[in-house]
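Okay, here's what each chain looks like letter by letter:
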Amino acid sequence: MEKIQNFIGGKYMDPVKGQYLDNYDPGRGKVYSQIPNSTQEDLDLAVQAAEDGFRVWSKMSIDKRSRILLKLADLIEDNIKELAVAESRDNGKPYTLAISVDIPRAATNFRFYASSIVNFSSESHISEGFMVNYTRRAPIGIVGCISPWNLPLYLFSWKIAPALAMGNCVIAKPSEMTPMTAFMLGKLTKQAGMPPGVLNILHGEGSGIGQAIVESTSTKAISFTGGTATGKIVGATAAQQFKKVSLELGGKNPNLVFADCDLDEAVKMSVKSSFTNQGEICLCGSRILIESSIYDAFKKKFVEEASKLNVGDPFDEKSDLGALVSEAHLEKVQSYISLAQEEGGTVLLGGNRLPKDGFYLEPTIIEGLDQNCRTNQEEIFGPVVTLDKFSSEEEAINQANATRYGLSCTIWTNNLKKAHNVAHQIHSGIIWVNCWLLRDLRTPFGGMKDSGIGREGGNEALQFFSEPQNICIKL
Ligand code: TXE
């Protein structure tokens, strides 16, 4: 049984206390490796390594830092197959998705920030004859990056790339459910020429080493992606030390389908936004709200298209959906399907676990629920969507905004004026019109309300990972 290791000071290390967790292959429902369940002793080693690394990395020229990150991006692409296999085995997602989206996007994340940092400018203000003010944006020091299991290397890299580009050293903790690609990244950073201690990767439970990273007085900022409940704990912990924190949390995203949309396009893309990655993307549109005049037509086509989706072995290229990430998560998602029926919903498609090894669930579509019921208010984070109807623009907007979340929203309409007017009234950080999941990395990424605080992406992320200092000189 493979036992992976932490990556500290440029070296792979066993956990000091020798404690390990089982790591499952969701596609087969079996343990296939073990990961360190790191403790404070491992964190102490990582802090020491990061302090040593910071003296070198923060003084390195931006151009040199940029080249190392560009080299890392190339190495990710050179190892794309091995990384995609590891991602798929760890998470249960189809290999075709890992190799076409997750791993290429990880390379893009490093490449994007390697070039952003070279073009990153700060401000200066000249009051002629009186004073000059300039803003220095220095690296913060050691930062903590904590990522979830749904898009493992994609979100791990999305956090650490801007932190590293800005000259910080990172203590990163991937999810204990999907550690493998972060583990593999360690050796690639060495091949890229990254000095020891710049990136340190600790594996283990969130309530253990995750909490310890946030509590440590050595980590000066925390970038967290995960569930809203956990985000509350992380935010509260960081606040005790006035630590900068960015929280990318859950969503319950509306998908608004107006009668004047391109119906076939809306159906096709709604199948993707509902079920891609087994619905385990925080940006999935899990509440589909349809203008009543086209409700029946949309429902018929949508159910028909979704029924064609293949659920199966992540390594079978015919599989559109793989396995959910764990038995516990599958049971959680199934409990919401039962709850939906108790709340008066009708299951139009799916709802069943597949009778095979592994954590497989059919794509599930439910209608007939009240917008305020738990099924429509709580994040399910699986291949389960609800359908509902609206009769006016105002009703659509009210329904869209009727949850505690505010991450993303999709709007299907060919009326340009309506698209802008509706978008401006939706309380979500990200709005897509006649598309889904198109991303320009220069844009601010993140949610409102219980979907988190702070924004990642573009200069927002570089500014988050820097300490601004204003220097004023009298002329
Ligand atoms: O989150 P968890 P999960 C959301 C998604 C869903 C959830 C799924 O919508 O709600 O995240 O991810 C660590 N101190 N998003 O179940 O349990 C834990 O070990 C420090 C939104 O993984 O919160 C893991 O590494 N760390 C997002 C990480 O936190 C702790 C995109 C997340 O775990 C900890 C992706 C603690 N006390 C998923 N407890 C977006 N909005 O972009 C746990 N962890």
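Residues numbered from 1 in each chain as written. Predicted model: local features only at pLDDT ≥ 70, side-chain atom pairs only at ≥ 80, totals over all residues. Heavy atoms only, no water.

A. Inspection of the overall build of the protein chain at higher detail. Counting its secondary structure elements, the protein chain contains 15 helices and 23 strands. Relative to the globule expectation of 23 Å for 475 residues, the C-alpha radius of gyration of the protein chain, 23 Å, shows essentially globular dimensions. Within the protein chain, the fraction of its 475 residues that count as buried is 58%. Contacts spanning at least 24 positions in sequence make up 74% of the contacts within the protein chain whose residues lie at least 6 apart. If you sum the accessible surface of the protein chain, you get close to 18600 Å²; carbon and sulfur atoms cover 52% of it. Distance from the positive charge centre (48 side chains) to the negative charge centre (55 side chains) of the protein chain: 6 Å. (Helix = DSSP H or I, 4+ residues; strand = E, 2+ residues; numbered from the N terminus. Rg over C-alpha atoms; globule rule 2.2 N^0.38 Å. Buried < 20%, exposed > 50% of the residue type's maximum accessible area, 1.4 Å probe, protein only. Contact = heavy atoms within 4.5 Å. Areas by Shrake-Rupley, 256 points an atom, 1.4 Å probe, with all protein chains shown as cover. Lys, Arg positive; Asp, Glu negative; His and termini not counted. Charge placed at Lys NZ, Arg CZ, Asp CG, Glu CD.)

B. Focus on unusual backbone geometry. Of note in the backbone geometry, Asn434 takes a positive phi value of approximately 55 degrees without being a glycine. Positive phi, close to 65 degrees, is recorded for Leu437, a residue that is not glycine. With respect to the element layout, Leu437 can be found in the loop between β20 (430-433) and β21 (448-449). Classification of Leu437 as partly exposed rests on a relative accessible area of 26%.

C. Inspection of the domain arrangement of the protein chain at higher detail. Here the domain parsing of the protein chain yields domain 1 (2-249 + 451-474) and domain 2 (253-440). For domain 1 and domain 2, the distance between their C-alpha centroids amounts to 31 Å. Taken residue by residue, the interface counts 29 residues in domain 1 and 30 residues in domain 2. Of the roughly 2200 Å² buried at the junction of domain 1 and domain 2 (both faces included), carbon and sulfur atoms supply 58%. The largest per-residue losses of area from domain 1 upon contact with domain 2 belong to Pro94, Trp149 and Ser451, which jointly make up 23% of the total buried on that side. Viewed at the interface, domain 2 and domain 1 are joined by 2 salt bridges. Here Arg28 ties to Asp313 by a salt bridge, and the two come within 3.5 Å at their closest N and O atoms. Along the contact surface separating domain 1 from domain 2 lie 10 residue pairs in polar contact (both at pLDDT 80 or more). Listed by contribution, the elements that provide at least two residues to the side of domain 1 that touches domain 2 are α3 (80-91), α4 (95-116) and α8 (228-239). For the side of domain 1 that touches domain 2, the element with the highest residue contribution is α3, accounting for 5 residues. (Domains from an automatic or database assignment. Buried area = accessible area lost by both parts, 1.4 Å probe. Salt bridge = Lys/Arg side-chain N within 4 Å of Asp/Glu carboxyl O. Polar contact = N/O pair within 3.5 Å; in protein donor to acceptor, adjacent residues only side chain to side chain.)

D. Spatial organisation of the site of the ligand. Looking at the ligand, there are 30 residues lining it, with Trp149, Glu176, Gly226, Leu249 and Glu379 nearest. At 2.8 Å from an oxygen atom of the ligand is found a side-chain nitrogen or oxygen belonging to Lys173. Between the ligand and the protein, one listed contact pairs an oxygen atom with a backbone N or O atom of Gly206 at 3.4 Å. Burial of the ligand by the protein amounts to 89% of the accessible area it has alone, namely 850 Å². Looking at the shell around the ligand, the elements with two or more residues in it are α7 (206-215), β11 (221-225) and α8. Shared between two domains, the shell around the ligand holds at least three residues of each, these being domain 1 (2-249 + 451-474) and domain 2 (253-440). (Near = heavy atom within 4 Å.)

E. Expanded view of the nonpolar core. Ranked by internal contacts, the top residues of the largest apolar core, which has 121 residues, are Phe110, Ile160, Leu185 and Phe302. Examining the composition of this core, we find that 10 residues originate from one element, helix α5 (residues 152-165), more than from any other. Judged by nonpolar contacts, the second largest core, of 14 residues, contains Leu330, Leu339, Ile366 and Ile380. (Core = buried A, V, L, I, M, F, W, Y, C linked by side-chain atoms within 4.5 Å.)

F. The arrangement of the packing of α3 against helix α6 (residues 180-191) in detail. Where α3 meets α6, the closest approach of the two axes is 8 Å, and the angle between their N-to-C directions is 155 degrees. Considering the angle they form, α3 stands roughly antiparallel to α6. Residues Glu82, Leu83, Ala86, Glu87 and Asp90 of α3 form the contact with α6, whose own contacting residues are Met180, Thr181, Met184 and Leu188. Tallied by class, the residues present in the contact of α3 with α6 amount to 5 nonpolar, 1 polar and 3 charged. (Axes fitted to C-alpha atoms, helices over the stretch in contact; angles between N-to-C directions. Parallel < 35°, antiparallel > 145°, perpendicular 65-115°, else oblique. Nonpolar A, V, L, I, M, F, W, Y, C, P; charged D, E, K, R; others polar.)

G. View of the packing of α7 against α8. Close contact between α7 and α8 brings their axes to 9 Å; oriented N to C, the two are set at 35 degrees. Of the residues in α8, those touching α7 at Gln211, Val214 and Glu215 are Ile233, Val234, Thr237 and Ala238.

H. Molecular detail of the sheet that holds strand β16 (residues 364-367). Strand order across the open sheet formed by 7 strands is β15-β16-β17-β14-β13-β19-β20, with mixed pairing between neighbours. If you trace the sheet from one side to the other, it starts and ends with β15 (346-349) and β20, each paired once. For this sheet, the mean inter-axis angle between neighbouring strands, taken without regard to orientation, is 25 degrees. Both strand β13 (residues 254-257) and strand β19 (residues 408-412) contribute to a ladder of 3 bridges, which runs parallel. When the sheet's bridge partners are listed, Leu256 is paired in β19 with Ile411. Along the sheet, helix α10 (residues 295-306) makes contact with β13, β14 (287-291), β15, β16 and β17 (384-390), crossing β17 at roughly 165 degrees. Where helix α14 (residues 416-423) meets the sheet, its contacts fall on β13, β19 and β20, and the angle it forms with β19 comes to roughly 160 degrees. (Pairing = 2+ DSSP bridges.)

I. Broad picture of the packing of aromatic side chains. By the definition in use, this model includes 12 aromatic pairs. Arranged with centres 6.4 Å apart and planes meeting at 85 degrees, the rings of Trp158 and Phe445 form a pair that is edge-to-face. Of the two residues, Trp158 is situated in helix α5 and Phe445 in the loop between β20 and β21; the sequence distance between them amounts to 287 residues. Here the guanidinium or amino end of Lys244 rests over the ring plane of Phe464, the centre of that ring lying 5.3 Å away. Note that Lys356 overlies the ring of Tyr360, its terminal NZ or CZ placed 4.5 Å from the centroid. (Phe/Tyr/Trp six-rings, centres within 6.5 Å; stacked < 30°, edge-to-face > 60°. Lys NZ or Arg CZ within 6 Å of the ring centre and 35° of its normal.)

J. Examining the pattern of salt bridges more closely. Across all of its chains, the model carries 24 salt bridges by this definition. Between Asp25 and Arg89 there is a salt bridge; the shortest N-O distance is 3.1 Å. With a gap of 64 residues between them, Asp25 in strand β4 (residues 20-25) and Arg89 in helix α3 connect regions that are remote in the sequence. On the accessibility criterion, Asp25 (4% relative accessible area) is buried. Where Lys418 meets Asp260, a salt bridge forms, and the shortest distance between an N and an O atom there is 2.8 Å. With Lys418 in helix α14 and Asp260 in the loop between β13 and α9 (263-275), the pair connects residues that are 158 residues apart, well separated along the chain. For Asp260, a relative accessible area of 26% puts it in the partly exposed group. Each of Asp25, Arg28, Arg89 and Asp313 takes part in a single network of salt bridges with overlapping partners.

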